[in-house]
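Topology and contacts: notes
Each chain, letter by letter, is given below.
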Amino acid sequence: MALDKPYQDVPGTIIFDAEQSRKGYWLNQFCMSLMKAENRERFKANERAYLDEWAMTEEQKHAVLARDLNWCMRTGGNIYFLAKIGATDGKSFQQMAGSMTGMTEEEYRAMMIGGGRSAEGNRYIGEDGDAQAHRQPQGKAGQAQKD
């Protein structure tokens with residue numbers, strides 16, 4: 001019997017529930033391994049070889065290699081764990097989070113200082129807010145990708 005998950009209808013949001021946790025277990029374990037300097041060095045020396053030591057899916061490995069954090073999240077990654085990849089690459093959390101929405105670091109910081117994304121138009125899929133799929137990615141960095 002499938003669980004009713006009404007929270008799946010929140011635009012721009014992947015809920016890290018038990019199902020996502022199971023799906024991303026090895027991806028998140030890999031990320032946690034990056035807490036140790038020697039593992040970060042091994043990963044940076046040969047990323048694919050290091051990823052192949054983990055029981056991750058090929059899709060998860062490709063998402064990590066592409067540094068596509070949205071893709072990583074769709075395959076079970078949790079942003080808390082995924083932040084270790086960004087830190088390994090020398091990126092701030094604001095840079096990482098901004099990249100997930102197509103915003104520059106400055107745009108993301110300004111949005112968060114301003115109270116975050118408005119709930120208006122973003123309460124459920126099908127409204128017309130800035131978190132809706134047809135409005136992603138937003139920001140200057142996202143617009144440059146579309147050109």
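An unreviewed UniProt entry lists the protein under the name Protocatechuate 3,4-dioxygenase, with Acidovorax temperans as the source organism.

A few points about the overall build of the protein
A tally of regular secondary structure across the protein gives 10 helices and 0 strands. Reading the helices (α) and strands (β) of the protein from amino to carboxyl end gives α-α-α-α-α-α-α-α-α-α. Radius of gyration (C-alpha) of the protein: 16 Å, near the 15 Å computed for a compact globule of 147 residues. Counting every position in the protein, which comprises 147 residues, the buried fraction comes to 34%. Here the contacts in the protein between residues at least 6 apart in sequence split such that 49% fall between residues at least 24 apart. Accessible area for the protein stands at about 8800 Å²; split by element, carbon and sulfur atoms hold 55% of it. The centroid of the 19 positive side-chain charges in the protein is displaced by 4 Å from the centroid of its 21 negative side-chain charges.

A look at the packing of helix α8 (residues 93-101) against helix α9 (residues 105-113)
One can describe the packing of α8 onto α9 by two numbers: an axis separation of 8 Å at closest approach and a directional angle of 95°. With respect to α9, the axis of α8 lies roughly perpendicular. For the pair formed by α8 and α9, the contact residues are F93, Q94, Q95, A97 and G98 on the first element and E105, Y108 and R109 on the second. A class-by-class count of the residues in the contact of α8 with α9 yields 3 nonpolar, 3 polar and 2 charged.

Thoughts on helix α7 (residues 79-88)
Within the span of α7, buried status applies to L82, K84, I85, G86 and T88. The inward-facing, buried residues of α7 contact α2 (25-33), α3 (37-45), α5 (58-66), α6 (69-74) and α8. Capping the start of α7, N78 holds a side-chain oxygen 2.7 Å from the backbone nitrogen of Y80, two or three residues further along. Downstream of α7 by a residue or two, G90 has a phi angle that is positive, lying close to 80°.

Here's the deal with the nonpolar core
Generally speaking, a soluble globular protein has its nonpolar side chains buried in company with each other. By size, the foremost hydrophobic cluster in this structure holds 18 residues, and its most contacted members are L27, F30, F43, M56, V64, L82 and I85. In contact with L27, other than residues within four places in its own chain, are M56, Q60, V64, C72, T75, G76, G77 and L82.

Remarks on the UniProt feature "domain: Extradiol ring-cleavage dioxygenase LigAB LigA subunit" (unreviewed entry) in the protein
Within this numbering scheme, the UniProt entry marks residues 27-112 as carrying the feature "domain: Extradiol ring-cleavage dioxygenase LigAB LigA subunit" (unreviewed entry). For residues 27-112, the end-to-end C-alpha separation is 28 Å, with 73% helix and 0% strand making up the annotated structure.

Here's the deal with the pattern of salt bridges
For the structure on display, the rule yields 8 salt bridges. Notably, a salt bridge pairs E47 with R67, separated by 2.7 Å at the nearest N-O pair. Within this pair, whereas E47 is found in helix α4 (residues 47-51), its partner R67 is found in the loop between α5 and α6, the two being separated by 20 residues in sequence. Two residues, E58 and K61, come together in a salt bridge whose shortest N-O distance is 3.8 Å. With E58 and K61 both in helix α5, this residue pair falls 3 residues apart, about one helical turn. Classification of E58 as partly exposed rests on a relative accessible area of 39%. Because the salt bridges share partners, they merge into one network encompassing R48, D52, E58 and K61.

Some words on the layout of surface pockets
Here the largest pocket defines a volume of roughly 1200 Å³. When contributions to the lining of the largest pocket are tallied by element, the ones reaching two or more residues are α6, α7, α8 and α9. Sort the elements by how many residues they give to the lining of the largest pocket and α8 lands first, with 7 residues. Residue classes in the lining of the largest pocket are distributed as 20 nonpolar, 15 polar and 6 charged.

Procedures and definitions
- In this convention, every chain numbers its residues from 1, walking through the sequence in written order.
- Restriction of local features to residues with pLDDT of at least 70 applies here, the model being predicted, together with a cutoff of 80 or more for giving and counting side-chain atom pairs; totals for whole chains, interfaces and linings are based on all residues.
- Derived side-chain values reflect all non-hydrogen atoms in the structure, with water molecules and hydrogen atoms excluded from consideration.
- Put simply, DSSP H or I for four residues or longer makes a helix, DSSP E for two residues or longer makes a strand, and each gets a number counted from the N terminus.
- The quantity called the radius of gyration is restricted to C-alpha atoms. Its globule counterpart is 2.2 Å times the number of residues to the power 0.38.
- Here's how the labels work: a residue is buried when its accessible area is under 20% of the maximum for its type, exposed when over 50%, partly exposed in between, all with a 1.4 Å probe on protein chains only.
- In this description, contact between two residues means that some pair of their heavy atoms is separated by no more than 4.5 Å.
- Using the Shrake-Rupley algorithm and a 1.4 Å probe, accessible areas are obtained, with residue cover drawn only from the displayed protein chains.
- Only four residue types enter the charge count, namely Lys and Arg as positive and Asp and Glu as negative; His and the chain termini do not.
- Note on charges: their place is set at NZ of Lys, CZ of Arg, CG of Asp or CD of Glu.
- Lines fitted to C-alpha atoms define the axes, with helix axes restricted to the stretch in contact, and inter-axis angles between N-to-C directions lie between 0 and 180 degrees.
- Here roughly perpendicular refers to angles of 65 to 115 degrees, roughly parallel to angles under 35, roughly antiparallel to angles over 145, and oblique to all remaining angles.
- Only Asp, Glu, Lys and Arg are considered charged, only Ala, Val, Leu, Ile, Met, Phe, Trp, Tyr, Cys and Pro nonpolar, and every remaining residue, Gly among them, polar.
- As used in this structure description, the phrase polar contact means that two N or O atoms lie within 3.5 Å; if the pair is within protein, one of them must be able to donate a hydrogen and the other to accept it, and residues adjacent in sequence are counted only when both atoms belong to side chains.
- Definition used in this section: a nonpolar core is a set of buried Ala, Val, Leu, Ile, Met, Phe, Trp, Tyr and Cys residues joined via side-chain atoms within 4.5 Å.
- UniProt positions are given in the numbering used here, feature names are shortened, and annotations may be inferred rather than shown by experiment.
- A carboxyl oxygen of Asp or Glu within 4 Å of a side-chain nitrogen of Lys or Arg is what we treat as a salt bridge.
- Using only the protein atoms, space was sampled on a 1 Å grid; points where a 1.4 Å probe fits but cannot get out form cavities, open sets with protein on both sides within 12 Å along at least five of seven lines form pockets, and lining residues are those with an atom within 4 Å of a point.
- Grid points are joined across faces, edges and corners, and a volume is the space filled by probe spheres set on the points.

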